[in-house]
2 protein chains.
Amino acid sequence: MAIAKGYAATDASKPLTPFTFERREPNADDVVIDIKFAGICHSDIHTVRNEWKNAVYPIVPGHEIAGIVSAVGSAVTRFKAGDRVGVGCFVDSCVGCAARDLDREQYMPGLVGTYNDFEADGKTRTQGGYSDSIVVKEGYVMSIPDNLPLDASAPLLCAGITLYSPLRHWNAGPGKKVAIVGMGGLGHMGVKLGAAMGADITVLSQSLSKKEDGLKLGAKEYYATSDEETFKKLAGTFDLIICTVSAEIDWNAYLGLLKVDGAFVVVGIPENAIPVHAFSLVPGRKSISGSMIGSIKETQEMLDFCGKHNIVSEIETINIQQVNEAYERVLKSDVRYRFVIDIASLAA
Amino acid sequence: MAIAKGYAATDASKPLTPFTFERREPNADDVVIDIKFAGICHSDIHTVRNEWKNAVYPIVPGHEIAGIVSAVGSAVTRFKAGDRVGVGCFVDSCVGCAARDLDREQYMPGLVGTYNDFEADGKTRTQGGYSDSIVVKEGYVMSIPDNLPLDASAPLLCAGITLYSPLRHWNAGPGKKVAIVGMGGLGHMGVKLGAAMGADITVLSQSLSKKEDGLKLGAKEYYATSDEETFKKLAGTFDLIICTVSAEIDWNAYLGLLKVDGAFVVVGIPENAIPVHAFSLVPGRKSISGSMIGSIKETQEMLDFCGKHNIVSEIETINIQQVNEAYERVLKSDVRYRFVIDIASLAA
């Protein structure tokens, strides 16, 4: 067992505090990673505050992990010490399912979350990236292209793939009109990725406060959803709308923005049910769907795509001692566009 | 102008009564049809009772029309007197849209309903199939295969295509598990068509009262949705669920019956919004969609498919004098499985 240092939540109502814990002994198929950066995802906050009613404390959050390989097991073939790697939202999955259905294991039972979960043995706790090291099976470790900075690559492992996967699945590309609802940590990645795929991207944000950024990152148009005119002007416009916000919005008004056969895809999880009127779907064969992160294969594909197009997240780097303050700012959407923890600060 | 005889609604609260009216003079591209049979669709009832708030009286309902061509205009090339033909839910559409997008004109603005609508001139009322003749543009007339009886073919023009289109669009076929919710006029067509496409069909009906019929028509399995065990047993089973009922059901429970990437397709229009929880969609990339009848091209394809597989509706034939009584029985689901009016009874 190796000793790891990190920050953990010990209770739903307490701030994260320094925490020392054991990482499991690496097996032959494991990769040991020195974590360099960890992104802060909104779901980290939901989890540690037990808003999803599944918290098992203590919890070291973090599933946007970028680091350097420090050691590999004897059976590892794809990585060696010194490699630049990433780990995302899960670190194991049902082997049977994965074998049958390699490219959507994220939807299969048996998925092992990167933190607040148990390894396949049912006993060993998983702990996440707000820490200085992690031991992960080779099959769940991805390469980060050499031309991408590690810090701004960390958010690709969750925010990036969460947008990349639906953009690909619903065929965003040249000639496709795509709207991204919400210009935050997820949304800004949708703008960058969708534009790089060649799609015609429109941002639908509550206000125009981030319009300049949106256009700079690749959006062709940017509209305020607080303006009723937006819904009149854009009626029947989009092939695909990806909704990154979990606030209560006027869902049927957004469905009205779709073309015939258009798809509205939810990647956030609103607390309440979405009241969809059949009249919003039937007369245009429209759909409302959900999408959740991506498979390991697809995540590597996304990282390679980002390498080719020089895409990373827009970040604000913080020391780990600022993590609780950063959480408060995430809740106020006061970050452009993702916090990344510099894990070197743990040693401070 | 030719004089037509039929039955019409003159008010939301009154029964249908005999009605004489003028059919327009045929143009060069028109087909004149002696109507032989007209199916009774639930939407006829919604319309004449003004439940959709769009009734313009008097209304001759009926958009499941089967008959024989009596005359054709000089420019008509596909039909001649004596041909067996059908007319469905619309008799014209936006020419520009149709030209651009031939196979989904049913979703485009400019659609002209077979009844309770106005022709493209904005003045001439359209009146439906509960009558002895109709004048329809060639492009909206379909051939009924010689081997199919005219009476039981009439319901194919709405009930048939309403199920055929989503079954095709969502790729029902060998290896696909498809559930049909509701075993009525629409549902029983879904069973027949889906089974003929090679899909593995399950009926989900409130009770098992029509189980024997369902299995006979091609379903492999038949479950009662009033039994909670059904939802446990069938969790994660279906690639496609087509919902033909417009009652309030436990939508999220039905979404739980889908596999990863499964689609739930609504073809009925429930009065209230469907409360879909994002947790029912996101963790399996599931979708809820709507589908509405089909294009003219697709409807002809469906009729040809039915000819090849000897598929027609299960019907109960009535005289037109019984139409009001039949409406009451439709509302009680007391018909196996579609009423068809024998138009010859108009002369009685």
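These figures come from a predicted structure and were not determined experimentally. (Residues numbered from 1 in each chain as written. Chains lettered and ligands numbered in written order. Predicted model: local features only at pLDDT ≥ 70, side-chain atom pairs only at ≥ 80, totals over all residues. Heavy atoms only, no water.)

Novice: Give me the pairing of strand β3 (residues 30-39) of chain B: which residues, what numbers.
Specialist: Residue and element names in this part refer to chain B. Here β3 lies mainly inside the structure; eight of its ten residues are buried. Where β3 lies against strand β10 (residues 133-137), five bridges are found, and the strand directions are antiparallel. Pairing of D30 across the sheet is with K137, part of β10. Here seven bridges tie β3 to strand β4 (residues 65-72), and the two strands are oriented antiparallel to one another. If you follow V31 over to β4, its bridge partner there is V72. Pairing of β3 with strand β20 (residues 338-342) involves three bridges; the strand directions are antiparallel. Pairing of A38 across the sheet is with I341, part of β20. (Buried < 20%, exposed > 50% of the residue type's maximum accessible area, 1.4 Å probe, protein only. Helix = DSSP H or I, 4+ residues; strand = E, 2+ residues; numbered from the N terminus. Pairing = 2+ DSSP bridges.)

Novice: Got a sec to walk through the packing of helix α4 (residues 159-169) of chain B against helix α10 (residues 296-309) of chain B? Specific residues and values, please.
Specialist: Residues and elements named next belong to chain B. At a closest axis distance of 10 Å, the pairing of α4 and α10 adopts a crossing angle of 100 degrees. In this view, α4 runs roughly perpendicular relative to α10, as classed from their interaxial angle. Listed contacts from α10 to G160, I161, Y164, S165 and R168 of α4 are E298, T299, E301, M302 and F305. Split into classes, the residues belonging to the contact of α4 with α10 amount to four nonpolar, three polar and three charged. (Axes fitted to C-alpha atoms, helices over the stretch in contact; angles between N-to-C directions. Parallel < 35°, antiparallel > 145°, perpendicular 65-115°, else oblique. Contact = heavy atoms within 4.5 Å. Nonpolar A, V, L, I, M, F, W, Y, C, P; charged D, E, K, R; others polar.)

Novice: Kindly report on the pattern of salt bridges, identifying the contributing residues and their values.
Specialist: The final tally for this structure, using the stated rule, is 38 salt bridges over all chains. The partner of E301 of chain B in a salt bridge is R168 of chain B, with the nearest N and O atoms 3.8 Å apart. Of this pair, E301 of chain B sits in helix α10 while R168 of chain B sits in helix α4, and the two are 133 residues apart along the sequence. Overall, the relative accessible area of 37% leaves E301 of chain B in the partly exposed class. The closest approach of N and O atoms between D334 of chain B and R329 of chain B, which form a salt bridge, is 3.0 Å. Put simply, K177, D200, K220 and E221 of chain A are held in one network by salt bridges that share partners. (Salt bridge = Lys/Arg side-chain N within 4 Å of Asp/Glu carboxyl O.)

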